[in-house]
Amino acid sequence: MEVITKRKARRIALAAQQILNKQPFGRGQNAVLKTIKHLGYVQIDTISVIIRAHHHVLWNRVENYDPKFLVELTKPSKSIFEYWSHALSYLPIEDFRFTFPLKKYYAAQKDPWPKVDNITKKQVYNRIVQEGPLMARDFEQDRSGKGSGWFDWKPAKRSLERLFMEGKLMVARREGFQKVYDIPERVLPPDTNITPPSKKEYAQFLIKRNLQAHGIVTAEEICYLRKGIKKIVQAELLENQKEMDIIPVRVQGLDNRLYFTKEAHLNSIQRTNKTLKILSPFDNLVIQRKRLKHLFDFDYFIECYVPPQKRVYGYFCLPILFGDKFLGRLDAKADRKSKMLIIKSLHLDPSLKRETFPEQAYKNTLEKFAFLNGCETIQYH
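Criteria and cut-off values
Residues numbered from 1 in each chain as written. Predicted model: local features only at pLDDT ≥ 70, side-chain atom pairs only at ≥ 80, totals over all residues. Heavy atoms only, no water. Helix = DSSP H or I, 4+ residues; strand = E, 2+ residues; numbered from the N terminus. Contact = heavy atoms within 4.5 Å. Pairing = 2+ DSSP bridges. Core = buried A, V, L, I, M, F, W, Y, C linked by side-chain atoms within 4.5 Å. Buried < 20%, exposed > 50% of the residue type's maximum accessible area, 1.4 Å probe, protein only. Axes fitted to C-alpha atoms, helices over the stretch in contact; angles between N-to-C directions.

(A) A look at the environment of Ile-93. The topology assignment puts Ile-93 in the loop between strand E4 (88–92) and helix H5 (100–107). Once the C-alpha coordinates of Ile-93 and Pro-189 are considered, the two residues, 96 residues apart in sequence, prove to be 8.8 Å apart. With residues up to four places along the chain from it excluded, the contact list for Ile-93 reads Lys-78, Ser-79, Ile-80, Phe-81, Leu-188, Pro-189 and Thr-192.

Set out below in structure tokens:
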């Protein structure tokens, strides 16, 4: 079994993520679609202290990114659709059939979230079947009184989410950031493959997707937040390496972890551009925190869910990547009224020498990031 350095593993991962290359997928709307297809998903998040995560992730890979590109891709042609990956995400429409295992899991009531009563759930579904696309707010009129009645606002919203998770509803579009739900028959393009995959097909799909997006992975990383799939994924990795063109490797310093990659990744020369990136906490490169710590020696966590008195780095700290190393984290907020990007704090890695910090690259990236957030000035605290 080949043993590679941690630096080699990092560079394979970065090359697969296409995070440092200039215009890896081209420019414009088609580049956004290519990015989502390559990464397998882009996470959708509601936090808007800076531009939302899905826009942030795409901006880091499509130089002339504009949020309208993403909106266009969700129109009736449905190049992409919304469903759960490890979290709510935009997925390529070609991957629709591979959402069935999770939908089946929810339909079998194996996961109680979100908890609903079946009467409300049925009535919510029937209204959409009969009336067409509806939003959560369209059910407010069905209240019989303040905070009461069989069709209270919160029960209806939970029912919509449950029906979505079970695959009985889809997100047809969004108005602002609010979901508009409809039945799949009226949302999916007519040529969509709706054949449920076998367990073997599903496992091979996950392996292929992860190797494409991450370059080098463990079985645990492939199965990240997925239920009931680990055994068959491990079996496929060990038994069908030749068929899937994968090989096992060890990484120096991580002897207790078995990684898998492709021979092409090992033989290619991954040059790391000295590019500085300000990443989203939900970027595909950093979303698996254990993987990040193992390969990049970067112990990162997001503190927006932590009580203020227990925060170390700030509410919404953004990882800073330079070449193949993480330099630290930046806590920022976009004040959209004053068009000002507020830099609350900058925490650099303690081992980083002051004179080696790429100050000009940091300033250049920060200016572009401010522009992305609709800000004209930057204020440093």
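(B) Structural context of the sheet that holds strand E5 (residues 134–135). Strand order in the open sheet made by the three strands is E5-E7-E6, with antiparallel pairing throughout. Unpaired on one side and paired on the other, E5 and strand E6 (170–175) mark the two borders of the sheet. Bridge count between E5 and strand E7 (residues 178–182): two bridges; the pairing is antiparallel. Paired with Met-135 across the two strands is Val-180, which belongs to E7.

(C) Region of the structure containing the nonpolar core. Residues Val-32, Ile-216, Leu-285, Phe-296, Phe-316, Phe-326 and Leu-341 are the most contacted members of the largest nonpolar core, which totals 98 residues. Among the nonpolar cores identified, the runner-up in size contains 17 residues, and Leu-211, Ile-222, Ile-246 and Phe-260 belong to it.

(D) Structural context of the environment of Asn-210. For Asn-210, the location among the structural elements is in helix H8 (residues 199–214). As for Asn-210 and Lys-122, which are separated by 88 residues in sequence, their C-alpha atoms are 37 Å apart. In this structure, Asn-210 is in contact with Gly-215, Val-217, Glu-221 and Ile-222, ignoring residues within four places of it in sequence.

(E) View of the pairing of strand E13 (residues 325–335). Burial runs high along E13: eight of the 11 residues are buried. Across six bridges, the pairing between strand E12 (residues 317–322) and E13 is antiparallel. Of the residues in E13, the one forming a bridge with Ile-320 is Gly-328. Connecting E12 to the next strand, E13, in antiparallel fashion are two residues, including Gly-323 with a positive phi near 65°.

(F) Structural view of the sheet that holds E4. What the three strands build is an open sheet, ordered E2-E4-E3; its pairing is antiparallel. Edge strands, defined here as strands with exactly one partner in the open sheet, are strand E2 (42–43) and strand E3 (80–84). The sheet contact formed by E3 and E4 spans five bridges and is antiparallel. When the bridges of E4 are listed, Tyr-83 appears paired with Ser-89. Seen against the sheet, helix H2 (residues 28–39) touches E2, E3 and E4 and runs at an angle of roughly 105° to E4.

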